[in-house]
Every structure is written in C-alpha cells, then in structure tokens.
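Take a look at the letters that make up each chain.
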Amino acid sequence: MKKILVINSGSSTVKADVFAVENNQPVFQAKALADKIGKADGSLTVKGKGIETRTVAIAGASIETAIREIIEVFAAAGICARENLGAIGHRVVHGGSKFSAPAIITDEITAVISEMSVFAPLHNPANLAGIQFCRAHFTLPQVAVFDTAFHQTMPAVATTYAIPRELSEKYGIRRYGFHGTSHEYVTHECARRMSIPYEKFSAISLHLGNGASACAVQNGKSIDTSMGFTPLEGLVMGTRSGDVDPSLPFFLQNMVGLSAADAESLFNKKSGLLGISGSNDMREIVSRADAGDAAALLAVEIFCARVRKYIGAYLTHGRPHALIFTGGIGENSPAIRQRVLTGLGHLGIAPDRQKNAALPEGGCISAENAIAVFVINTDEELMIARETLRLAHP
Ligand code: ADP
C-alpha cells in the first residue's frame, strides 16, 4: 500500500509527516521538522516509530531545499522511498470563502490559494511554495486542506462585521475563522468517545496553544469561532492580543507615530501573554505566577477570563454535549483548565479536580451530572492524512 506525506510549510518551519495506510486508515510512521528556515542555524530533525531520532544542519535552506532534504532523509532512514509515496496532503491556512472542504490541487486551485495570500500574507505564500515544489517534483495526487474550511458553515450573523457593507463585499472583509482542522478533529473524536452521531453533536471546542481559538459546534457544524478576518481576533494568545478596542492602533499612531506595519507587528508578535508578562511560554508563566510574580499571575488571569467569556457567549447557543480542551496549553495544563472551569456550576459546568489533575483514560474530567468536559490531543496531520486518503485514493 502506498504512503501519504503530509506537509505543513510555513515561513519559518516546514513540518512533514509520513503515514502508512492500514485497513484504509492512515497510520503515523514518522515526522520531520525543518526549523529556522533560511537561517544559518537551520536544522532538520526526523523521528518516528522504530527509528533513531536524527538531526542534520540545513543552514540557509529555503522551503524547497528543506522539503527536498526531508524527502531524502525519510528515504535514507527507510521510512518512505520516493516510489512508495501515493499522495501528498498540504495544510493551507487561508481558503477564503471559496473552500468549504479539502480539494485535489489543480492549477486553478493553486491560483485561488495565491489570490488568498492577500488575507494571509505570512502563511499562504509559504504554503504555496511547498505545494509548487511538490507538484514540480512528483506526479502524484495532492490535496489542500484549509484551516478556514470547517468554519464556512458559520451563518452571516457570525461572519459579518458591522462595517459598511459595500466595503465588506468589495474586499472580502468578513470573519473566516482558523484552526478549523483542529476543531473538526477534536469534535469528531469527542463525539466518537461519547457515542453521539456527529451530525447531532454540539460542543464548545477550546484550542489553547500559542495560537488560541474557541469554536461553537452545533449539529456537527461550526456556527461561531473566536478568530475572525485574521487569527488576531478573540482569545489572548502567546504573542497576539486577541480582542482589543479597534481604536488602539489609531491612538498609538497619534501618540507614538506607529505605522500600520508597526501596529500589525505589535498586536501579533509583541502582545498577548508576552506583552503582559514578558514570556509567551505558559509553563514558565504558570510557575512564575505560583511563585508570586504579579505580572505572570495577571497574564494567567486574563488568559483564563477571556476563555471563560467565550464559553459564556457560546453557551447562549444552548447546552452543548461537551466542552473540549486541546492545544499545548489545553492538553497539558491542569492548572489552566481548573481556573477556566471553576465557579461555573450555575452554567452546568463543574470539573472533577482529581480527574483534571490525573487525566483519566478517555480524557473526561467533568463531575457527575455536569456538562461533559474532555481533554483531547489534537492531530491536524492525521486529519490532513485522512482527507488526503479520502480524496486521492493512493
Ligand atoms: P502552537 O500553537 O505553536 O502549535 P502548542 O499547541 O504547542 O503551540 O502550544 C504551546 C503552548 O503550550 C506554550 O505556551 C507552552 O508553554 C504550552 N504548554 C505546553 N506544555 C505545557 C504545560 N505542561 N503546562 C502549561 N503550558 C504548557
């Protein structure tokens, strides 16, 4: 059976995963991370089932060179020879309004991904570079899986900004939402664990990582999410502010002469947990907060308060079957989960402190008779591999 390669090419990293196909399901084999693309200290690490982890230097490598190296290392390590590859799946950040599902990549599809670069200038060009390299070097079916696609089911009330309509329509200004592949994966997994048919399943999904977003799913469809036109809106994140008064950039422009580019960088790269506490590493922030550091404690409190605010907002859609925690923070921090969930008994939410700390098998951490709360490890690569298998039939 042929193998599936999943590629996530970004501006500073290229990630690639190899899946075998067993019983018509993708099964993880190995992963590669090319870090610090274009930098002198760039490196490539490959790890996987039954192989020794290896790291090689890839100084100054472009996205294309990194993918070429990854494919060579996978072949040399006996993970996947070129001729064993059957299909390639690519993560694409922005599919605009055009894609509500993954698509087999054609010239037309690459043209649309390129058009969408105007909305995601940091991400789509890097995604496209990976796609174009693979299309030039392999005559294999390739599939694009879009971070925005899952949210295409959101109704106009959730996608429309209250700004002049002619501008929204002319420039495609609307709420798109991101992290769709992750929200879709964990909600499917939760519905499966609860034995509820997905088309009847409702949940509030909380992806809390360096990027963070909440998503309201009703009857197996995204009906609202906290990220909007770009991934900047919504929750407080590692380096992104999330929701702020939109006047802040104008105020800073007047006060300190901030340019549009400076403001974009400030709100995306220097704000959030980093801006409040000086660090965007939640592990470090929690331990500093525990040791009495006031700025770290405030960062934790603001992060959790914003998550609670979105939970409250999404509970207005009705009682969900479950709340789901995922992402690096959601999966690994009992302290943050406890703080998010405490004091919400009047809304039907109550964590079981012991289960939350010990994380039982199956991942359910709620008290009896409360809304179920699950911790589910996200796996966007597996989701992309599944979609690639479904569409490309390698
Ligand atoms: P990304 O959005 O870049 O994929 P991740 O989902 O890997 O990021 O999440 C990274 C975040 O998860 C970091 O803030 C990191 O500190 C946090 N994290 C990982 N493990 C823990 C832990 N045990 N406790 C608290 N935070 C954690």
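This is a predicted model, so every value here is computed, not measured.

Participant: Before we go on, may I ask you to explain the sheet that holds strand β8 (residues 142–146) in this structure?
Facilitator: What links the strands of a sheet is backbone hydrogen bonding, and the strands pair in either a parallel or an antiparallel sense. Spatially, the 8 strands line up as an open sheet ordered β5-β4-β3-β2-β1-β6-β8-β7, and their pairing is mixed. Bordering the open sheet on either side are β5 (51–57) and β7 (103–104), each of which pairs with just one other strand. As judged from the 2 bridges shared by β7 and β8, these two strands associate in the antiparallel manner. Across the sheet, A103 pairs through a bridge with A144, a residue of β8. Those strands touched by helix α15 (residues 380–392) are β1 (3–9), β2 (13–22), β3 (25–35), β6 (85–92), β7 and β8, and its axis lies near 125° from that of β6.

Participant: Would you explain the sheet that holds strand β10 (residues 212–218) in this entry?
Facilitator: Taken together, 5 strands build an open sheet; the order of strands is β11-β10-β9-β12-β13 and the sheet is mixed. This sheet does not close on itself; its edge strands, each paired only once, are β11 (221–225) and β13 (372–375). The average angle at which neighbouring strand axes cross in this sheet is 25°, direction not considered. Note that strand β12 (residues 322–326) and β13 share 4 bridges and pair parallel.

Participant: Help me out: how do you make sense of the site of the ligand in this one?
Facilitator: The full set of residues close to the ligand is G209, N210, G211, N280, D281, M282, R283, G327, G328, I329, N332 and S333. M282 places a main-chain nitrogen or oxygen 2.9 Å from an oxygen atom of the ligand. A distance of 3.2 Å is found between a nitrogen atom of the ligand and a backbone nitrogen or oxygen belonging to N332. Considering the ligand on its own, with 580 Å² of exposed area, one finds that the protein chains cover 66% of that surface. Spatially, the ligand is embedded in the second largest pocket. Breaking the shell around the ligand down by element, the ones donating at least two residues are α10 (282–290) and α12 (327–332). Broken down by element, the shell around the ligand gets its largest block of residues, 4 residues, from α12. Here the shell around the ligand is composed, by residue class, of 2 nonpolar, 8 polar and 2 charged.

Participant: Teacher, can you tell me more about the packing of helix α6 (residues 180–193) against α15 here?
Facilitator: When two helices pack together, their arrangement is captured by the angle between the axes and the distance separating the axes. In contact at an axis separation of 9 Å, α6 and α15 are set at 85° when each is read in the N-to-C sense. Relative to α15, α6 is oriented roughly perpendicular. Between α6 and α15, the contacting residues are T181, S182, E184 and Y185 on the first element and E380, L382, M383, I384 and R386 on the second.

Participant: Please explain empty space enclosed by the protein as it appears in this structure.
Facilitator: Left-over empty space is what a probe sized like a water molecule reveals as it rolls over the atoms. Following the criterion strictly, the structure yields 1 cavity of 30 Å³ or more and no others. Each pocket or cavity is described by its volume, and for the largest cavity that value is around 40 Å³. Around the largest cavity, the lining residues are L5, V18, I71, F74, C80, A81, R82 and L85. Here the lining of the largest cavity is built from residues that sort into 7 nonpolar, no polar and 1 charged.

The rules behind each value
Residues numbered from 1 in each chain as written. Predicted model: local features only at pLDDT ≥ 70, side-chain atom pairs only at ≥ 80, totals over all residues. Heavy atoms only, no water. Pairing = 2+ DSSP bridges. Helix = DSSP H or I, 4+ residues; strand = E, 2+ residues; numbered from the N terminus. Contact = heavy atoms within 4.5 Å. Axes fitted to C-alpha atoms, helices over the stretch in contact; angles between N-to-C directions. Near = heavy atom within 4 Å. Polar contact = N/O pair within 3.5 Å; in protein donor to acceptor, adjacent residues only side chain to side chain. Areas by Shrake-Rupley, 256 points an atom, 1.4 Å probe, with all protein chains shown as cover. 1 Å grid on protein atoms, 1.4 Å probe; cavity = no way out; pocket = protein on both sides within 12 Å on 5 of 7 lines; lining within 4 Å. Sits in = over half its atoms within 2 Å of the grid points. Nonpolar A, V, L, I, M, F, W, Y, C, P; charged D, E, K, R; others polar. Parallel < 35°, antiparallel > 145°, perpendicular 65-115°, else oblique. Points joined across faces, edges and corners; volume = space filled by probe spheres on them.

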